[in-house]
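Architecture at a glance
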Amino acid sequence: MSMASATAVQNSNEQALIRKAQSGDIPAFNELVLLYQDSAYTVAYRVMADNASAADAVQDAFITAYQRLSTYRGGSFRAWLLRITLNTCYDELRRRKRRPATSIEELPGAEMDDGPALPDGAATPEQVVQEGELQAAIQQCIGGLGEMQRAVLVLSDVEGLSYQEIAEITGANLGTVKSRLSRARLSIRDCLQAVQELLPAVYRLNNKPNDQST
Amino acid sequence: MSVNLSQQDYELLSAYIDGELSDAERLGLEIRLDAETDLRRELESLRQTVALVDQLPRLKAPRNFTLTVTPQKVVRKLPLLLTSTFSGLSAAAAVLLLMFGGYLLLGSNRQISMTSQFAREVAVQSTVVADVVSLPAQSTLAAPLPTQTELPQGGMFNTAPAANSGGAAGEDSDSAQQAAPIMPAEEFEQATEDEAAMLDTFSMEMATEEPADSAGASVMQEADDEQITLEALLYATDANVIAAAPMVIPTQAAADITAQRNVIEPTATALATATNAAETTKLPEAPTLDSGTVGLVIVGVGAALLLIALATTLARRNARI
């Protein structure tokens, strides 16, 4: 992804920022926020499936991160931050489950790791694609996954994190990460079957063989 | 559709896509991929899925999520006296003290008035008991009672006070009981009838004498005449009392008397209990004044605490404004 040297420089700068932030320097912390807010928002959005919820989750996550800076003990700051972001999202999702609001999470089986392939909502994936929004269809399919599968998929295929990083963020072991990811992908694939058939050209256009980790 | 392969195979494919297989696993899979078309097909469709998700646009944060330093409200720590905890606790303590003090006050007032009524009550009791005693007197007192010459009264008097270190009423009844000889049955009946009237007088005397007697056992060693008078009054009752009384009679003489008087016991129980109860109730008498004073003090402290609680609450309200 990035140049090794650039990464190294970035890392040392980042460590300095983190140390300053840990001693109460809010502007230093804000620099970290600017570095990672896109990443955090992306994860939050993919998990929460709507802008407002994602924004709230990210705001809460950064506040929590500042309060818990002392718990950061080195390693990938991004992973540490995304963990907080993910947990904030989980908390909100669980809170919603307790309320009888219609949401994707209310799908039968949504709580199991093997989430349903089809998302909830008035629009089926086919309809959404017919409206010209493949991405939205994908997002809806992601939203149909169970929390755990969704998190792993987003972290891996959206954010490009390694299994190890995903394991740290989600607090699961490698084997669990592998199995959750493979199931999530299968679910998405099945969910997008109809879309594939409708827009095979689009599909093929986006097909990039990808055997190396990125 | 897609469920040709096992979960395990899909996991292999998925990890293969991410380059997360060990060298050995990868080699093994690639060999299989060459051989199995199903495996190849599934791999491809998985890859497409991953690519689709991957090409989702990186999102930009809709706004900056930097933290701003908000001017914090100065959280002044209130001095301990003004904290709501203190007010609450002192109010609660005040209530408890007021209740306790009030209870003591009321109790002491009740006691003072009770001692004056006490004589009347004893008179009533003695009348009732006398009736009870007189009924079975004829049967139980069939056996001849020992004479009264056995025990020297003087000796009894001297030893009684030393033996009894309890309340004055106890001393009185004990020593008098020990000294008093047993009367023959006929005289006993007569005595019980007289006893009612006697007891009235006696209890009045007891009531007035209590304060003085509580000072110590020395009272018992005063004029024998006085003692004898008391003893005579208590004679019949004492005989029964000794026999049935649950009180411990310390001296040897008393024990002898008890043995001799066992015959009288059943009917004597009621009278004994009534008399003893009446007398012992009066024992905690001297402190009537003390408990009242204590009660007053406690009520005063409670009231003061209540005022403090109110004052601190008001002060806290003012501090916040």
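An account of the accompanying structure is given in this report. Here the structure is a predicted model, which means the values were calculated and not measured.

Time to look at the overall build of chain B. Secondary structure summary: chain B contains eleven helices and zero strands in total. When the helices and strands of chain B are read in sequence order from the N terminus, they spell out α-α-α-α-α-α-α-α-α-α-α. The burial tally for chain B puts 41% of its 321 residues in the buried class. Look at the contacts in chain B between residues 6 or more apart in sequence, and 80% of them connect residues 24 or more apart. Carbon and sulfur atoms make up 63% of the accessible area of chain B, which totals about 17,000 Å².

Right, let's get into the state of the cysteines. Residues and elements named next belong to chain A. Tallied over the full model, the rule gives one disulfide over all chains. Two residues share a disulfide in this structure: Cys-141 and Cys-191, whose sulfurs sit 1.9 Å from each other. Note on the Cys-141 and Cys-191 pair: the S-S dihedral is about -75 degrees, so by sign convention the disulfide is left-handed. Of this pair, Cys-141 sits in helix H6 (residues 134-143) while Cys-191 is found in helix H9 (residues 174-191), placing the two residues 50 residues apart along the sequence. In this pair, the class of Cys-141 matches that of Cys-191, namely buried.

Residue and element names in this part refer to chain A. Scanning all chains against the criterion turns up six aromatic pairs over all chains. Centre to centre, the rings of Tyr-72 and Trp-80 are 5.7 Å apart; their planes meet at 70 degrees, and the pair counts as edge-to-face. By the burial criterion, Tyr-72 is buried, and Trp-80 matches it. Pairwise contacts between aromatic rings join Tyr-36, Tyr-72, Phe-77 and Trp-80 into one cluster.

A few words now on the packing of helix H4 (residues 77-98) of chain A against helix H7 (residues 147-158) of chain A. Residues and elements named next belong to chain A. H7 packs onto H4 with a crossing angle of 150 degrees between their chain directions and a minimal axis gap of 11 Å. The angle between the axes of H4 and H7 places the two elements in the roughly antiparallel class. Crossing of H4 over H7 shows right-handed handedness. Of the residues in H7, those in contact with Leu-82, Leu-86, Tyr-90, Leu-93, Arg-94 and Lys-97 of H4 are Glu-147, Met-148, Arg-150, Ala-151 and Leu-155. Here the contact of H4 with H7 is built from residues that sort into seven nonpolar, no polar and four charged.

Residue and element names in this part refer to chain A. Considering the arrangement of structural elements, one finds Ser-76 in the loop between helix H3 (51-67) and H4. Here Ser-76 falls in the partly exposed class, since its relative accessible area comes to 30%. Once the C-alpha coordinates of Ser-76 and Asn-11 are considered, the two residues, 65 residues apart in sequence, prove to be 9.1 Å apart.

Criteria and cut-off values
Residues numbered from 1 in each chain as written. Chains lettered and ligands numbered in written order. Predicted model: local features only at pLDDT ≥ 70, side-chain atom pairs only at ≥ 80, totals over all residues. Heavy atoms only, no water. Helix = DSSP H or I, 4+ residues; strand = E, 2+ residues; numbered from the N terminus. Buried < 20%, exposed > 50% of the residue type's maximum accessible area, 1.4 Å probe, protein only. Contact = heavy atoms within 4.5 Å. Areas by Shrake-Rupley, 256 points an atom, 1.4 Å probe, with all protein chains shown as cover. Disulfide = S-S within 2.5 Å. Phe/Tyr/Trp six-rings, centres within 6.5 Å; stacked < 30°, edge-to-face > 60°. Axes fitted to C-alpha atoms, helices over the stretch in contact; angles between N-to-C directions. Parallel < 35°, antiparallel > 145°, perpendicular 65-115°, else oblique. Left-handed = near helix turned anticlockwise from the far one by under 90°. Nonpolar A, V, L, I, M, F, W, Y, C, P; charged D, E, K, R; others polar.

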